[in-house]
Amino acid sequence: MLDTPIIEVRDLKVYFPVKKGIFGRTYYVKAVDGVSFEIPEEGIFTLVGESGCGKTTVGRTIVGVVKPTAGKILYKGKDTSKLSKEEYLEYRRNVQIVHQDPYSALNPTKTVFQSLAAPLKRWGIAKSRNELREKVSELLELVGLNPPGEFINKYPHQLSGGQRQRVVIARAISVNPDVIVADEPITMIDVSLRIGILDLLLKLKEEVGTSYLFITHDFGAARYFSAKGGGSIAVMYLGKIVEVAAAEEVIQNPLHPYTKALISSVPVADPELSRKRKPLKLKSLDIPSPLNPPSGCKFHTRCPYSTDICSKVEPELKEVSPGHYVACHLYQG
Ligand SMILES: Nc1ncnc2c1ncn2[C@@H]1O[C@H](COP(=O)(O)OP(=O)(O)OP(=O)(O)O)[C@@H](O)[C@H]1O
Ligand code: SF4
Ligand SMILES: [Mg+2]
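Residues numbered from 1 in each chain as written. Chains lettered and ligands numbered in written order. Predicted model: local features only at pLDDT ≥ 70, side-chain atom pairs only at ≥ 80, totals over all residues. Heavy atoms only, no water.

(A) Molecular detail of the side chain of Ser174. Residue position: Ser174 is located in the loop between α6 (161-173) and β7 (179-183). On the accessibility criterion, Ser174 (3% relative accessible area) is buried. Within the local environment of Ser174, its side chain forms a polar contact with the backbone oxygen of Arg171, the two atoms lying 2.7 Å apart. Every residue in contact with Ser174, bar those within four places of it in the chain, is listed here: Pro119, Leu120, Ile125 and Leu139. (Helix = DSSP H or I, 4+ residues; strand = E, 2+ residues; numbered from the N terminus. Buried < 20%, exposed > 50% of the residue type's maximum accessible area, 1.4 Å probe, protein only. Polar contact = N/O pair within 3.5 Å; in protein donor to acceptor, adjacent residues only side chain to side chain. Contact = heavy atoms within 4.5 Å.)

Okay, structure coming up:
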């Protein structure tokens, strides 16, 4: 029998009501519109796609702060909407999120010690002042803030963006979670410090066995993270997964025109790979509004390969080779 995944997302839909026009009619933003995937134990699942495609909403639903409109989130095989109070608390502790903005994630009036001690106290992991200081120091060392004594009494404004994000990551792992939703963890960090944060997350996967939902708009980051950590990559477009496979397969053999466009925009060091990857010219760079998405294949307004059927019939996500799923009429024959 296969191991039960830590998190299973089944046909998740999240629709946000929005009032528009002088009569205040209610429309729905279909932020997530039928998404399914699994995060395996000690594994990585990467979601990549442009701004507004629904990545953060998926992440926020998995950590329990947004309620699904339809579909299910299963934690260790159990429907999270049906957990007992104790089980629900256990699930919330075990599924932590790291946001993109380390500047707003930390309370500016609290020291690093206070920020890290709070969850340790709340979850009864450490109690006495000595125990707390010891545990906080261990955490700071683990996330590369050495020596801990230099950071423990600092306020967020005394730290760089990269150091703050390390504190946020320390806070997330302090409660020993099974899964971390890393939502664009490097986007707001100085370019020179980004690889260090990705390497830290990967080190934690090895050392403390964390699983990740890694969310990014940047295919280069997705490629770096999964080249070292493995797992699967799913490409999202306007609320749906349009392609998903093992990370190496998506990178080496992208099939969906949108994935090809995302990949061809990332520079590669390998000249042979770079020759193979001719830039894919899209019909338009504008992302359609999710309030009024295109009919049929939602990508048809930008896709250079679109034909008549594309604007009329929505392609299903189908397995085109073992474990490689694509939603595109080019592969539905
Ligand atoms: N609370 C909300 N109320 C109304 N609309 C929302 C809400 N949260 C998100 N949306 C809309 O849902 C869509 C998906 O948003 P989401 O933040 O999940 O996308 P994203 O892929 O994370 O984008 P980004 O790269 O900008 O972070 C967007 O159109 C967004 O405006
Ligand atoms: S279904 Fe048509 S429009 Fe959509 S990605 Fe495939 S070829 Fe392009
Ligand atoms: Mg987002």
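This is not the end of the story, as more comes after the structure.
(B) Representation of the site of ligand 1 within the structure. Contacts to ligand 1 come from 13 residues, most closely from Ser51, Gly52, Lys55, Thr56 and Thr57. Within the side chain of Ser51, an N or O atom sits 2.6 Å from an oxygen atom of ligand 1. The separation between an oxygen atom of ligand 1 and a polar main-chain atom of Gly54 is 3.0 Å. Its free accessible area being 640 Å², ligand 1 has 63% of it covered by the protein chains. Elements that contribute at least two residues to the shell around ligand 1 include exactly β2 (25-39) and α1 (55-62). Classifying every residue of the shell around ligand 1 by side-chain character gives five nonpolar, five polar and three charged. (Near = heavy atom within 4 Å. Areas by Shrake-Rupley, 256 points an atom, 1.4 Å probe, with all protein chains shown as cover. Nonpolar A, V, L, I, M, F, W, Y, C, P; charged D, E, K, R; others polar.)

(C) Helix α10 (residues 257-264), seen in detail. Of all eight residues that make up α10, seven are buried, and the element is covered over most of its length. Along α10, the residues classified as buried are Pro257, Tyr258, Thr259, Ala261, Leu262, Ile263 and Ser264. Each element contacted by the buried residues of α10 is listed here: α8 (219-229), β9 (232-237), β10 (240-246) and α9 (247-252).

(D) Quick peek at the pairing of strand β8 (residues 211-216). Here β8 lies mainly inside the structure; six of its six residues are buried. Here β8 shows no split at all, with Ser211, Leu213 and Ile215 on one side and Tyr212, Phe214 and Thr216 on the other all buried. The pairing of strand β3 (residues 44-48) with β8 spans five bridges and is classified as parallel. Looking at the pairing, Thr46 lines up with Phe214 of β8. Relative to β8, β7 runs parallel, the two being bridged by five bridges. (Pairing = 2+ DSSP bridges.)

(E) Layout of the state of the cysteines. This model, assessed by the stated rule, comprises zero disulfides. The thiol of Cys53 is not disulfide-bonded; the next cysteine sulfur, from Cys297, is found 14 Å away. Judged by its relative accessible area of 3%, Cys53 is buried. (Disulfide = S-S within 2.5 Å.)

(F) Molecular detail of the nonpolar core. Among the nonpolar cores identified, the biggest contains 38 residues, and Leu140, Ile169, Tyr212 and Phe225 are the most heavily contacted of them. Of all hydrophobic cores here, the second largest spans 30 residues; its members include Ala31, Val63, Val66 and Val181. (Core = buried A, V, L, I, M, F, W, Y, C linked by side-chain atoms within 4.5 Å.)

(G) Region of the structure containing unusual backbone geometry. Asn146 connects to Pro147 through a cis peptide bond whose omega is -10°. Looking at the element boundaries, Pro147 is found in the loop between α5 (129-142) and α6. Its identity is not glycine, yet Glu184 carries a phi of approximately 50°, on the positive side. You can call Glu184 buried: its relative accessible area is 7%.

(H) Main features of the packing of aromatic side chains. Enumeration according to the criterion identifies eight aromatic pairs in this entry. Between Tyr212 and Phe225, the aromatic rings sit 5.7 Å apart at their centres with planes inclined by 75°, giving edge-to-face as the arrangement. With Tyr212 in strand β8 and Phe225 in helix α8, this pair connects stretches of sequence that are 13 residues apart. Phe225 carries the same exposure label as Tyr212, and that label is buried. Among the aromatic residues, those joined into a ring-pair cluster are Tyr75, Tyr88 and Tyr91. Stacked on the ring of Phe113, the Lys or Arg Arg133 has its end atom at 5.3 Å from the ring centre. In this arrangement the basic side chain of Lys154 is found over the ring face of Phe151, its NZ or CZ atom lying 5.6 Å from the centre. (Phe/Tyr/Trp six-rings, centres within 6.5 Å; stacked < 30°, edge-to-face > 60°. Lys NZ or Arg CZ within 6 Å of the ring centre and 35° of its normal.)

(I) Representation of the site of ligand 2 within the structure. Near ligand 2 there are 13 residues, and of these Cys297, Cys303, Cys310, Cys328 and His329 occur at the shortest range. Tallied by class, the residues present in the shell around ligand 2 amount to nine nonpolar, four polar and no charged.

(J) Structural detail: the environment of Glu314. Here Glu314 shows up in the loop between α12 (308-312) and β11 (318-321). Distance in space between the C-alpha atoms of Glu314 and Val167 is 44 Å, their sequence separation being 147 residues. Those residues in contact with Glu314 that sit more than four places away from it in its chain are Lys240, Gly296, Cys297, Lys298 and His329. A polar atom in the side chain of Glu314 sits 3.4 Å from the side chain of Lys240.

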